[in-house]
Amino acid sequence: MSGDVLSTAGSGLLPSAEAAPLFQARELVKHFRSRRSVVQAVNGVSLTIPRGRTVGLVGESGSGKSTVARLALRLLEPTSGELSFDGVDLLRASRAQLRALRRRMQIVFQDPFGSLNPRMRVLDAVGEPLVVHRLATGKERVDRVVDLLERVGLGAGDLYKFSHQFSGGQAQRIGIARALATEPDLIVCDEAVSALDVSVQAQVLNLLKRLQSELGLSYLFIAHDLNVVRYMSDEVCVMYLGEIVEQGDGDALFADPRHPYTTMLVSAIADSPAEGSGRHRRRAVPRGEPASPSNPPSGCRFHPRCPHAMPRCQQEVPVMQRVSADRTVACHLFDARQEVSPR
Ligand code: ADP
Ligand code: MG
């Protein structure tokens, strides 16, 4: 199963059976309904994660990134849409199928201390998934936990400690070891390094990269920090108010953003002072406030903040369109361009 590390990633020449993507979401929608309002947290998100690759999801706070994460793992029921994992329809899977698939998808959250039970020793925290999924007990479980700890740069000497005895970076390593326990194929990292200082962030990011190449993991890598997403991702999706507005090859997307929102995010990091303390240094804070997902603007949701807004942007919802070989953008600026030079 997950020993199948022979992905076609990198070769990219020959189509094969293994070329089917590991994970696919199609037109995912999640609306939270309360008596007073409907929060359109996710509004038609489609993304594909190939085996052994990292897809980044970036956008301001409240854009729906964590909701996508929870939908992807079926921790939340979508309002509509489709989800598949390794060719299995996640929304129609039986309980038994779902249980088997859950083992293969794990999540690492932002707050390492919050996601570790303070009363649990490392052995039990990391070894818990082995028990839940009936993968190992007794001495075998202890040995597996030691292996996992060594993979993340900790060791047998840490087995009987509690989470409060660790630094933030070490605690996040424990969270990663725990996620690795079931030998997943996909790990969703939801702001996994956002609470860490910059130097520690780099160590944890490099650990994630090393684990990816050793284990053939795929990541859905979510962060509001553009630089972190850029460093980690093969492909990037930019989210605004529940929608993906731009999608493409990571480096190219940041070097040459096409959607006005991506441009705004990229220039916000370029403008931010180079000094400043720790983790907030690289935080992208673009001008203006995002609208509320319970009352999103008509037409293009970004139009009230967009320096290029045209009359049609208030009325017509832009659809994702391909603007170059590996870039899609949802923006009316590109409709105009197509009229001028149709393909
Ligand atoms: P992000 O991770 O990008 O910051 P979230 O996915 O956490 O964004 O939230 C997207 C929007 O959905 C926000 O407006 C948030 O308040 C709202 N939201 C998230 N979870 C719920 C919920 N359980 N009930 C109602 N609204 C929610
Ligand atoms: Mg979030």
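Relevant structure appears above.
To start, this report covers the structure provided alongside it.

So, how was this worked out
Residues numbered from 1 in each chain as written. Chains lettered and ligands numbered in written order. Predicted model: local features only at pLDDT ≥ 70, side-chain atom pairs only at ≥ 80, totals over all residues. Heavy atoms only, no water. Salt bridge = Lys/Arg side-chain N within 4 Å of Asp/Glu carboxyl O. Buried < 20%, exposed > 50% of the residue type's maximum accessible area, 1.4 Å probe, protein only. Helix = DSSP H or I, 4+ residues; strand = E, 2+ residues; numbered from the N terminus. Pairing = 2+ DSSP bridges. Contact = heavy atoms within 4.5 Å. Axes fitted to C-alpha atoms, helices over the stretch in contact; angles between N-to-C directions. Right-handed = clockwise from strand over helix to strand, strands pointing away. Core = buried A, V, L, I, M, F, W, Y, C linked by side-chain atoms within 4.5 Å. Near = heavy atom within 4 Å. Polar contact = N/O pair within 3.5 Å; in protein donor to acceptor, adjacent residues only side chain to side chain. Areas by Shrake-Rupley, 256 points an atom, 1.4 Å probe, with all protein chains shown as cover.

### Remarks on the pattern of salt bridges
- Overall, the coordinates contain 19 salt bridges when judged by the stated rule.
- Between aspartate 89 and arginine 92 there is a salt bridge, with the nearest N and O atoms lying 2.4 Å from each other.
- Classification of aspartate 89 as partly exposed rests on a relative accessible area of 28%.
- Taking the shortest distance from any N to any O, the salt bridge between lysine 139 and aspartate 143 comes out at 2.8 Å. Taken together, the positions of lysine 139 and aspartate 143, both in helix α4 (residues 138–151) and 4 residues apart, correspond to about one turn of that helix.
- Note on lysine 139: relative accessible area 60%, which makes it exposed.
- Counted as one network, the salt bridges with shared partners bring together Arg51, Asp86, Arg104 and Asp185.

### Regarding helix α1 (residues 65–72)
- Where burial is concerned, most of α1 is hidden: 6 out of the 8 residues are buried.
- Every buried residue belonging to α1 is among Lys65, Thr67, Val68, Ala69, Leu71 and Ala72, and all of these are buried.
- Residue arginine 74 follows α1 closely and has a positive phi angle near 60 degrees.

### Details of the sheet that holds strand β1 (residues 23–33)
- Spatially, β2-β1-β4-β5 is the arrangement adopted by the 4 strands of the open sheet, whose pairing is antiparallel. In this open sheet, the two edge strands, each paired with only one partner strand, are β2 (38–49) and β5 (88–89).
- Here β1 runs beside β2; their pairing, made up of 9 bridges, is antiparallel. Counted as the bridge partner of arginine 33 is valine 38 from β2.
- Running over the sheet, α1 touches β1, β2 and β4 (80–85) and is turned about 115 degrees from β1.

### Remarks on the pairing of strand β7 (residues 186–190)
- Counting buried residues along β7, 5 of its 5 residues qualify, which places the element largely inside the surrounding structure.
- Going residue by residue along β7, you find Leu186, Val188 and Asp190 tucked away on one face and Ile187 and Cys189 tucked away on the opposite face as well.
- Sheet analysis places β7 next to strand β8 (residues 218–223), joined by 5 bridges and oriented parallel. If you follow valine 188 over to β8, its bridge partner there is leucine 220.
- Between the parallel pair β7 and β8, the chain is carried across by helix α6 (residues 198–215), and the sense of this crossover is right-handed.

### Some remarks on the nonpolar core
- Of all hydrophobic cores here, the largest spans 58 residues; its most connected members are Ile176 and Phe221.
- Top contributing element to this core by residue count: helix α5 (residues 168–180), with 6 residues.
- Once residues lying within four places of it in the same chain are set aside, the contact partners of isoleucine 176 are Val108, Val152, Val204, Leu207, Leu208 and Leu211.
- One finds Ala25, Ile49, Leu71 and Leu186 within the second-largest nonpolar core, a separate group that totals 31 residues.

### Some points on the site of ligand 1
- Not every one of the 13 residues close to ligand 1 is listed here, only the nearest: Gly62, Gly64, Lys65, Ser66 and Thr67.
- Here serine 66 contributes a backbone N or O atom positioned 2.9 Å from an oxygen atom of ligand 1.
- Separating an oxygen atom of ligand 1 from a side-chain N or O atom of threonine 67 is a distance of 2.6 Å.
- Look at ligand 1: alone it shows 560 Å² of surface, and the protein chains cover 63% of it.

### Considerations on the pairing of strand β11 (residues 321–324)
- Note that β11 and strand β12 (residues 327–329) share 3 bridges and pair antiparallel. Residue pairing in the sheet places glutamine 321 in a bridge with valine 329 of β12.
- In sequence, β11 turns back onto β12 through a hairpin of 2 residues.

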